[in-house]
Amino acid sequence: MAYGLTMKMKEFNTSSIDRRSWLKSAGLVSAASFLSGAHAAAEEKMTPAKKVRGVVFMVSDGMSPGVLSLAEAYSQLTRQRSTQWWQMLNNPSATRGLMDTASANSLVTDSAAASSAWGSGQRVNNGSINVNPDGKEITPIAALLRKKNAVIGLVTTATVTHATPAGFAASIASRSDERLIAPQYLDRVDIILGGGSGFFDAKQRSDQRDLAGDFKKSGYEVVSDRDQLLAAKGAKLLGTFAKGHLPFSLDRDHDASLAASVPSLVEMTQAALGRFLAGDKPFLLQVEGARIDHAAHLNDIGALLGDQIAFDDAVAAVLTMTAKHEDILVVVTSDHGNSNPGLNGMGDGYSESNQHFRNIARFKASHERVFGEWNAKPNGDAGTISALVAKHLGFDLKKSEAEALIAILHKENVVEWNHQLEKPEGLLGQFAGNHTGIGWTGTTHTSDPTLLSAIGPQSSRFSGIIRNSDVFGHLMEMLG
Ligand SMILES: [Zn+2]
């Protein structure tokens with residue numbers, strides 16, 4: 001089956017030189033290694049298309065295309081520097097493309113169907129993980145590559161059994177059966193890092209199975225906090241750092257105890273990729289910034305940009321680690337859009353857009369935390385929600401806004417102009433937009449194609465418009 005593009009040898013070699021040149025300009029390799037690398041690249045002109053030993057497949061979950069430029073502006077605002085993905089798109093040796101993200105039953109995919117398309121080559125219905133519309137289980141790519149002596153890694157800020165990691169390594173009719181996904185990783189996935197400890201714990205599993213114990217017996221080092229991860233020596237790792245999803249970066253960054261106990265996406269990525277690079281086996285590593293999607297569902301621009309920046313830092317870490325490895329391909333993309341945030345023109349002649357955008361940097365907590373604290377205060381009123389918003393998000397709700405929020409929190413019937421917004425998070429997102437300039441199309445996924453970039457050997461496979469289900473064939477051709 002012809003899955004991919006017919007590659008011209010010359011394209012690879014040119015790409016190889018340009019990649020080194022760009023990495024050097026981005027400060028990712030030393031001048032000395034660049035010179036020896038350029039020499040090596042010249043010799044490679046005589047060799048056939050370069051072999052791929054490993055693929056790092058990086059997913060910013062639920063990242064609408066506009067998030068790229070919002071994150072770039074936010075990084076310039078708060079860190080006075082560019083984002084890695086923005087630079088990657090400006091690099092002539094990195095490929096650029098769009099991912100066609102539809103599922104079998106909808107133009108708008110969910111993460112389960114999207115990751116299944118990547119992980120098995122077939123579009124399935126939303127909600128299913130590698131089970132086709134006729135109910136037939138499809139073998140996921142992790143199981144196929146295991147037979148070829150490859151090692152597999154899944155790194156995420158969601159539960160490790162969430163839809164996007166599961167799409168590479170599990171088959172299940174309903175994505176919500178995470179309890180049944182967890183055992184499928186045993187001896188199929190070598191490095192598993194993220195949230196979701198509850199799905200491995202005998203006390204929290206309905207079948208009382210000591211799944212973490214089974215992983216230990218099978219040779220995995222099992223870790224549950226940041227220090228344990230950083231000290232771990234095992235080649236096989238199961239690390240779960242929260243019962244559910246890991247916290248938003250925005251909340252982690254403003255909470256010393258969370259920062260001390262929960263590793264960052266960069267740290268988890270380094271732990272996984274470092275092990276794979278040190279070995280000599282073929283590998284497939286999926287790295288997911290999962291909570292960009294959750295923040296978009298919550299219309300929470302502060303949490304969204306915090307996690308997008310954390311994902312971007314992971315991209316930078318991966319490019320640094322792989323700079324001297326000419327046999328590693330790095331792919332960066334998203335599975336679908338979500339609520340399509342954008343900066344609107346604010347004020348006369350849009351003269352106030354910049355100052356509105358700057359207000360995002362005043363957010364000190366996620367909307368999730370605002371609503372969490374609200375739920376912990378029984379008998380809260382308009383004053384209570386206004387105080388929480390002022391404390392955590394740095395702006396004052398109007399009286400009418402606070403009253404509308406209270407009505408919807410109390411599930412009273414209110415007139416909503418768009419049914420997407422008939423929930424507190426949608427309403428708060430709109431009110432926040434009066435101060436940040438950020439507007440949203442709704443609170444659910446969207447049909448937009450997503451951004452796609454790749455760098456490394458055979459990166460040309462990931463240029464132009466790629467159907468999500470074609471990714472599987474490319475991965476199998478390179479690693480299988
Ligand atoms: Zn979602």
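Since the structure is predicted, the reported quantities are computational estimates derived from the model, not experimental observations. (Residues numbered from 1 in each chain as written. Predicted model: local features only at pLDDT ≥ 70, side-chain atom pairs only at ≥ 80, totals over all residues. Heavy atoms only, no water.)

Student: Describe in detail the overall build of the protein chain, supporting the description with residues and values.
Tutor: Each helix and strand counted, the protein chain has 21 helices and 14 strands in total. When burial is assessed residue by residue, the protein chain has 57% of its 480 residues classed as buried. Long-range pairs, those at least 24 residues apart, make up 73% of the contacts in the protein chain with a sequence separation of at least 6. Here the protein chain displays about 19,100 Å² of accessible surface, and carbon together with sulfur accounts for 51% of that area. (Helix = DSSP H or I, 4+ residues; strand = E, 2+ residues; numbered from the N terminus. Buried < 20%, exposed > 50% of the residue type's maximum accessible area, 1.4 Å probe, protein only. Contact = heavy atoms within 4.5 Å. Areas by Shrake-Rupley, 256 points an atom, 1.4 Å probe, with all protein chains shown as cover.)

Student: Tell me about the coordination of the zinc ion, residues and numbers included.
Tutor: Protein-derived ligands of the zinc ion are Asp293 (OD), Asp293 (OD), His297 (NE2) and His445 (NE2), with the metal-ligand distances lying across 2.0 to 2.6 Å. Around the zinc ion, the four donor atoms are arranged such that angles at the metal cover 54 to 138°; this shape is classified as irregular. Along the chain, the residues donating to the zinc ion fall in the pattern D-x3-H-x147-H. Residue Asp293 is located in helix H14 (residues 291-297), and its partner His445 is located in strand S12 (residues 445-446); the two are separated by 152 residues in the primary sequence. Look at Asp293 and you get buried, because its relative accessible area is 6%. (Donors = N, O, S within 2.8 Å, 3.2 Å for Na, K, Ca; no water. Tetrahedral: all angles 85-135°; square planar, octahedral: opposite > 155°, others 65-115°.)

Student: Talk me through the nonpolar core; I want residue IDs and the actual numbers.
Tutor: Ranked by internal contacts, the top residues of the largest apolar core, which has 80 residues, are Met58 and Leu193. At eleven residues, helix H15 (residues 301-322) tops the list of elements feeding residues into this core. Each of domain 1 (9-29 + 52-340 + 445-479) and domain 2 (362-439) accounts for three or more of the residues forming this core. When near neighbours in sequence (up to four residues on either side) are disregarded, Leu193 contacts Leu154, Val155, Thr156, Val160, Leu229, Leu237, Gly239, Phe241, Met268, Ala271 and Ala272. Ranked by size, the runner-up nonpolar core spans 45 residues in total, among them Val52, Leu145, Leu452 and Leu479. (Core = buried A, V, L, I, M, F, W, Y, C linked by side-chain atoms within 4.5 Å. Domains from an automatic or database assignment.)

Student: Explain the pairing of strand S2 (residues 95-100) to me, and be specific about the residues and the numbers.
Tutor: Residues Thr95, Gly97 and Met99 point to one face of S2 and are all buried, whereas Arg96, Leu98 and Asp100, pointing to the other face, are not buried. As judged from the five bridges shared by S2 and strand S13 (residues 450-455), these two strands associate in the antiparallel manner. Across the sheet, the residue bridging to Arg96 is Ser453, located in S13. Sheet topology note: the S2/strand S14 (residues 464-467) ladder contains four bridges and is parallel. By the bridge assignment, Gly97 is partnered in S14 with Gly464. (Pairing = 2+ DSSP bridges.)

Student: Break down helix H13 (residues 265-278) for me, citing the residues and quoting the values.
Tutor: Between its first and last C-alpha, H13 extends 20 Å over 14 residues, near the 20 Å set by a 1.5 Å rise per residue. With respect to burial, H13 is a largely interior element, ten of its 14 residues being buried. Listing the buried residues of H13 in full gives Leu265, Val266, Glu267, Met268, Thr269, Ala271, Ala272, Leu273, Phe276 and Leu277. (Expected span 1.5 Å × (residues − 1).)

Student: Could you give an account of the packing of H13 against H15, naming the residues involved and the relevant values?
Tutor: Relative orientation of the contacting elements H13 and H15 amounts to 25°, with a least axis distance of 9 Å. In terms of orientation, H13 lies roughly parallel with respect to H15. Viewed along their axes, H13 and H15 form a crossing whose handedness is right-handed. Along the contact surface, H13 presents Leu265, Val266, Thr269, Gln270, Leu273, Gly274 and Leu277, while H15 presents Ala310, Phe311, Asp313, Ala314, Ala317, Val318, Met321 and Thr322. Each residue belonging to the contact of H13 with H15 can be placed in one class, and the counts come to ten nonpolar, four polar and one charged. (Axes fitted to C-alpha atoms, helices over the stretch in contact; angles between N-to-C directions. Parallel < 35°, antiparallel > 145°, perpendicular 65-115°, else oblique. Left-handed = near helix turned anticlockwise from the far one by under 90°. Nonpolar A, V, L, I, M, F, W, Y, C, P; charged D, E, K, R; others polar.)

Student: Explain unusual backbone geometry residue by residue, including any values.
Tutor: Only a minority of non-glycine residues have a phi that is not negative, and only a minority of peptide bonds are not trans. A positive phi is found at Lys411, a non-glycine position, where the angle reads about 60°. In this fold, Lys411 is placed in the loop between helix H19 (399-409) and helix H20 (424-436). Of note in the backbone geometry, Gln458 takes a positive phi value of approximately 60° without being a glycine. Position of Gln458 relative to the elements: it lies in the loop between S13 and S14.

Student: I'd like a rundown of the packing of helix H3 (residues 67-79) against H15, residues and numbers included.
Tutor: In the contact formed by H3 and H15, the axes pass within 10 Å of each other and the chain directions differ by 85°. As far as their axial angle goes, H15 and H3 are roughly perpendicular. Within the contact between the two elements, H3 uses Val67, Leu70, Ala71, Tyr74, Ser75 and Arg79 and H15 uses Ile301, Leu304, Leu305, Gln308, Ile309 and Asp313. Class assignment for the residues of the contact of H3 with H15 results in eight nonpolar, two polar and two charged.

Student: Quick one: what's the story with the side chain of Thr443, residue by residue and with numbers?
Tutor: Residue position: Thr443 is located in the loop between strand S11 (438-439) and S12. By relative accessible area, which is 2% here, Thr443 ends up buried. Residues contacting Thr443, with those up to four places away along its chain left out, are His297, Asn299, Asn338, Ser339, Gln420, Leu421, Lys423 and Gly426.

Student: Tell me about the pattern of salt bridges, residues and numbers included.
Tutor: Within the structure shown, the criterion is met by 18 salt bridges. Notably, a salt bridge pairs Arg179 with Asp207, separated by 3.8 Å at the nearest N-O pair. Note that Arg179 is positioned in helix H8 (residues 178-181) and Asp207 in the loop between strand S4 (191-195) and helix H9 (211-217), a separation of 28 residues in sequence. Assessed through its relative accessible area of 29%, Arg179 is described here as partly exposed. (Salt bridge = Lys/Arg side-chain N within 4 Å of Asp/Glu carboxyl O.)

Student: Describe in detail the sheet that holds S2, supporting the description with residues and values.
Tutor: Strand order across the open sheet formed by ten strands is S5-S6-S4-S3-S7-S1-S8-S13-S2-S14, with mixed pairing between neighbours. Each of the sheet's edge strands pairs with one partner strand only, and the pair in question is strand S5 (221-223) and S14. Sheet twist, expressed as the average angle between the axes of neighbouring strands with direction ignored, equals 15°. The sheet contact formed by strand S1 (residues 54-60) and strand S8 (residues 328-333) spans six bridges and is parallel. Within the sheet, the bridge partner assigned to Val55 lies in S8 and is Leu329.

Student: Lay out the environment of Ile152 in plain terms, naming residues and giving numbers.
Tutor: Relative to the helices and strands, Ile152 is located in strand S3 (residues 151-159). Ile152 has contacts with Ala142, Leu145, Arg146, Arg188, Val189, Asp190, Ile191, Phe276 and Leu284, leaving out every residue within four places of it along the chain.

Student: Run through helix H18 (residues 382-393), naming residues and quoting values.
Tutor: For H18, spanning twelve residues, the distance from its first C-alpha to its last is 16 Å, which sits close to the expected 16 Å at 1.5 Å a residue. Every buried residue belonging to H18 is among Thr384, Ile385, Leu388, Val389, His392 and Leu393, and all of these are buried. Each buried residue of H18 sits inside an arc of 130° when the element is viewed along its axis, so together they form one side. Packing partners of the buried residues in H18 comprise helix H17 (367-375), H19 and H20. If you check the start of H18, you find a side-chain oxygen 3.0 Å away from the backbone N of Gly383, and it comes from Asp381. Gly394 sits one or two positions beyond H18 and adopts a positive phi of about 80°. (Arc of directions from axis to C-beta. Polar contact = N/O pair within 3.5 Å; in protein donor to acceptor, adjacent residues only side chain to side chain.)

Taken by themselves, the reported measurements are silent on function.
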